[in-house]
Structure formats: C-alpha cells, structure tokens
Amino acid sequence: MANNMTDTMTKPDINNDSTSLQQNGNKAGQSWFERPIPGIKQQLTAQLTAVETEPSTKCSSCHSIITNTALIFNCYVCPHCDHHLPMSARERLNWLLDKVEGELGQEFTAKDPLKFVDSKPYPNRMAEAQEKTKESEALIVLYGKLRNLDIVTCAFDFRFMGGSMGSVVGDRFVQAAEKALADRVPLVCFAASGGARMQEGLLSLMQMARTAAAIERLRIAGVPYIVVLTNPVYGGVTASLAMLGDIHLAEPKAMIGFAGKRVIEQTVRETLEEPFQRAEFLLEHGVVDEVVHRHQMIDTIYRLLAKLCSVPNVDAQ
C-alpha cells in the first residue's frame, strides 16, 4: 500500500521551479550584487504658475491666492470676489495723491510716561510695530496734489498696534488740520483703528478732544474735511475724528462702530446678525453718506472736493 502511494505522488520539478525563480529575478542561490536593479520612473511635474513662483496673498474672503503684483494693479481688491483687502497707510496716500510734496509729524516720538507693561513693556511693543511696518507711528500725514487740487491727507495703518490713537497720532492729526487751515486746502482722512491706545492711559483719551477741537476750527473757517472709513474703525477714533467730517465715505463691508459686536451682544443680550456694523448697514441708517468701491474712490473724493472748494472739475472738461 505504501509503495502504491509513493508511486502515485508526483515529485517536485526542480528544473521548472528554478526557471520560474529566474524569470522573477529571485534565484535561490543568487547573491545580492547579482540581482537585477529595478528602474526608477521619473514623475513628470507640471510647470509652476505665476501664483506659485511670485510672492502671493490669500484673500480672507474667498481664500483665492493672488500675486502681490496683481493686487497692486487692482488696488488691493480681490479679482475673484471683489473683497477689499487692507492697504498700508503710505501705500494708500501715494495711491491717492498724484504728487507728494511733503510729510508732516515725523519729529514727534512716543514717550512712556506710565512705564506701562502688559505682556511686554510699551517701548518693546513700539519697537516691534516699527520694525514690522517700517513706520514710526500709526498715522501718516502727506500733503500734495490731487489733480488740480492742493490737499492734506492722513491715513491710519492698522498694522501698527491696531491703528491705535496715542499722543503722537493726535499730534500728527492736529498738525495736518493746522496745515490745511493755514493753506485753506481740504483735509482727507482714511480711518482704520481699534481705538485709543491703552498703554498711554488718559493721554490717549485726551487726543479725542484735541482732534475734535482741530476739526471744529476747520468747520468754522469753511475748510472741507472728508473722512473715508475703512475696515475696521472702532473706539475713540470713531467717537472723535472719524465721525466729525463734512462728508463720510466708506469702503464696502467695512466694520464701523464704537464698541465691538460681542460687547454689544453681551450688554443687550441679543444676537446681532449680519450686516450689523457693516458700512451698508450704517448707510441705511444715515451714519454714512455713501459706500464707495475702491476703484471709484479717487474720482469720488475729487468730485466732492472740487464742488466744496468751487474749483473747476478737470474731469468734466
């Protein structure tokens, strides 16, 4: 019986097995160095686009990636969703003026009378803001030409400690108002601020009265003062210079108010839905005179000033 079973069992074909191993490249007795080396397939990479090679910015509204060059040519307005991205103060004033003739207020420097320390000393925080923005303070004042008009302009830089208003900001705004009053030329202010600067305590709150008094002198003398409200404007700036203009313009969807939305909700115990505190909401309630797209802002400011100053409108000729 055992002999019959061994006769019926098939013996393994050593030759066939070794042949299959050779075909697979895994011969049993083959050394490591003699084994075939698998090839490396090169992956084809797509050519990089301009967005991937140039410095770019991500839109905070639609999250599109836009090259900085495209943003500059489009006045920092997203070409995909029309969202108005922030501009630095100096960029905004150079964009407005056709010719810059001078700058005011660079002689003023911030002090630290309270020796204020929060998470870091006030001088250290100032130094960081100056290094970040390459500016000495949160307000920039330039004067020059807007077509055939002489004007004085100032703009807040929100990157500089939230555009907070300290004593130097007050000094520069008052100097701008005095320059406009002495030369009898209009004053235009682009407001973007989180309010008064807490590191200077009462000194920062005093700037509300100082700037309001300077604006009142302009009003009595009949010198036009136009305010452009950009995103965002809050606190002591809203309670003073930002709401005392002869005309108030605003950029689309700019957040404008005194107290923040969450503070108001906690006070009144109600949920405030959009577009509360948006420029369009304030336009409906008579706080803002007009919401102007950034592409039409220069033409709008010029037409208003030409009318208020009774000078020929070069665009209409």
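Residues numbered from 1 in each chain as written. Predicted model: local features only at pLDDT ≥ 70, side-chain atom pairs only at ≥ 80, totals over all residues. Heavy atoms only, no water.

A.B. asks: What is the right way to look at the sheet that holds strand S7 (residues 225-233) in this model?
C.D. replies: Pairing between sheet strands relies on hydrogen bonds along the backbone, with the strands arranged either parallel or antiparallel. Spatially, S3-S4-S5-S6-S7-S8-S9 is the arrangement adopted by the 7 strands of the open sheet, whose pairing is mixed. Each edge of the sheet is formed by a strand with only one pairing partner; in this case those strands are strand S3 (99-104) and strand S9 (290-291). Where S7 meets strand S8 (residues 247-250), 4 bridges bridge the pair, whose relative direction is parallel. Looking at the pairing, Ile226 lines up with Ile247 of S8. With respect to the sheet, helix H12 (residues 297-309) is in contact with strand S4 (139-146), strand S5 (149-156), strand S6 (187-193), S7, S8 and S9, its orientation differing from that of S8 by roughly 175°. (Pairing = 2+ DSSP bridges. Helix = DSSP H or I, 4+ residues; strand = E, 2+ residues; numbered from the N terminus. Contact = heavy atoms within 4.5 Å. Axes fitted to C-alpha atoms, helices over the stretch in contact; angles between N-to-C directions.)

A.B. asks: How should I be thinking about the environment of Gly235 in this particular structure?
C.D. replies: With respect to the secondary-structure elements, Gly235 resides in helix H9 (residues 235-238). Expressed as a C-alpha distance, the spacing of Gly235 and Gly194, which sit 41 residues apart in the sequence, is 5.9 Å. In this structure Gly235 touches Gly194, Gly195, Gly257 and Phe258, once residues within four positions along its chain are discounted.

A.B. asks: Is there a simple way to explain helix H8 (residues 202-221) in this structure?
C.D. replies: A turn of α-helix holds 3.6 residues, and therefore any two residues three or four places apart point the same way. Between its terminal C-alpha atoms H8 stretches 30 Å, which fits the 28 Å expected from 20 residues at 1.5 Å a residue. Taken together, the buried positions of H8 are Ser204, Gln207, Thr211, Ala214, Ile215 and Leu218. Viewed end-on, H8 has its buried residues packed into an arc of 95°, placing them on one side of the element. Exposed side chains of H8 directed beyond 90 degrees from the buried face belong to Leu202, Ala209 and Ile220. Residues of H8 that are buried in the fold lie against helix H7 (167-183), S6 and S7. (Expected span 1.5 Å × (residues − 1). Buried < 20%, exposed > 50% of the residue type's maximum accessible area, 1.4 Å probe, protein only. Arc of directions from axis to C-beta.)

A.B. asks: It is not clear to me how the packing of aromatic side chains should be interpreted in this structure. Could you clarify?
C.D. replies: To describe a pair of aromatic rings, one takes the distance between the centres and the angle between the planes. Here the structure, examined in full by the defined rule, presents 2 aromatic pairs. On the basis of an interplanar angle of 75° and a centroid distance of 6.0 Å, the ring pair of Phe173 and Tyr225 is categorised as edge-to-face. Of this pair, Phe173 sits in helix H7 while Tyr225 sits in strand S7, and the two are 52 residues apart along the sequence. Taking the ring centre of Tyr302 as reference, the NZ or CZ of Arg147 above it sits at 5.0 Å. Sitting over the ring of Tyr143, Lys179 keeps its end group 4.3 Å from the ring centre. (Phe/Tyr/Trp six-rings, centres within 6.5 Å; stacked < 30°, edge-to-face > 60°. Lys NZ or Arg CZ within 6 Å of the ring centre and 35° of its normal.)

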